[in-house]
Amino acid sequence: MGTAQVQGSLWGARVRDYAEILEQFGRPLYEAVFQAAEVGAGTWLLDVGCGPGLAVQLAAKRGAHVAGLDAAEASLEIARERMPQGDFRAGEMEDLPWDDNTFDVVTGFNAFQYAADVVNALREARRVARPGGRVAMAVWGRAEDCETVATVTALSKFLPPPPPGAPGPFALSAPGRVEGLLQQAGLEPLSSGEVDCSFEFPDLETAVRGNMSAGPTAVAIRQAGAEAVQRAIAESLAPFRTSEGGYRQRNRFRYVIAAV
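Scoring rules and cut-offs
Residues numbered from 1 in each chain as written. Predicted model: local features only at pLDDT ≥ 70, side-chain atom pairs only at ≥ 80, totals over all residues. Heavy atoms only, no water. Helix = DSSP H or I, 4+ residues; strand = E, 2+ residues; numbered from the N terminus. Rg over C-alpha atoms; globule rule 2.2 N^0.38 Å. Contact = heavy atoms within 4.5 Å. Buried < 20%, exposed > 50% of the residue type's maximum accessible area, 1.4 Å probe, protein only. Pairing = 2+ DSSP bridges. Right-handed = clockwise from strand over helix to strand, strands pointing away.

With that settled, consider the overall build of the protein chain. Scanning the protein chain from N- to C-terminus turns up 11 helices and seven strands. For 260 residues, the compact-globule estimate of 2.2 N^0.38 gives 18 Å, and the C-alpha radius of gyration of the protein chain, at 18 Å, lies within 12% of that figure. Dimensions of the protein chain, computed from the C-alpha atoms along their principal axes, are close to 50 × 40 × 30 Å. Taking contacts inside the protein chain between residues at least 6 apart in sequence as the whole, the part at least 24 apart equals 75%.

Our next topic: the environment of Val-260. Inspection of the secondary structure assignment puts Val-260 in the segment after strand S7 (247-259). We classify Val-260 as partly exposed; its relative accessible area is 32%. Linking Val-260 and Arg-123, residues 137 residues apart in sequence, is a C-alpha distance of 10.0 Å. If we skip the residues at most four places from it in the chain, Val-260 touches Arg-126, Ala-129, Arg-130, Pro-131, Gly-132, Gly-133, Arg-134, Val-135 and Leu-187.

Attention shifts here to the pairing of strand S4 (residues 103-109). Most of S4 is tucked away, with six of its seven residues classed as buried. Relative to S4, strand S1 (residues 44-48) runs parallel, the two being bridged by four bridges. Note on S4: the bridge partner recorded for Leu-46 is Val-106. Of the strand pairs in this sheet, S4 and strand S5 (residues 129-140) are connected by six bridges, and their pairing is parallel. Across the sheet, the residue bridging to Phe-109 is Ala-138, located in S5. A crossover connection joins S4 to the parallel S5 through helix H6 (residues 118-128); in handedness this β-α-β unit is right-handed.

Note that all results are geometric; they support no functional claim without further evidence.
The following block contains the structure:
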């Protein structure tokens, strides 16, 4: 079973909630990467693992011609609603359905690490990028810089043990890890940065619903049932309740821009 078939069923399960709640928290990261990669008028951009397409929307507002690949058809349905002029396709990130030398910029926001072979996915990104173009890879920052690790840990008790050698969500967070993968794929790291993104929820119901929409949570629900997962999420959020009654988890993400 390919990566897309597995991930598509997970991330497509509650995609409307994801688009409404969780996706917006990545805005500072998207904008920082687009700024660093010089995305602007006339740029041809592909977002790998585009989800419901918010990042692509922001790139289009900068004047870019946009395309997106995702494993979940349900996510692409929302992306097409938002951006009818975009070129959105379902498929494998290790076998991108575009010709060589098509894009000026290829991005992957917390996406490439889901590939069965990350280096192969990055080689595909390099293939569809034009000479002199850019490939950007963004991942979670270090666990100690991400308060959402509390929720990830709470959910991990419902998940089956990962196969030996399988990377965790923070496996690529240490400085140099992403650069090394990009170099293995024949790309030249140029710059990197860290971006703070707060996950802010107005109330517990929204916070639980948002966290229930993430792909890994779908696995936990299949294993333990929705009620147990909801309870674990709520308990993990308790330390992050604000004086206004909402919930805030501060997180840091890291990106690397590489040249083709």
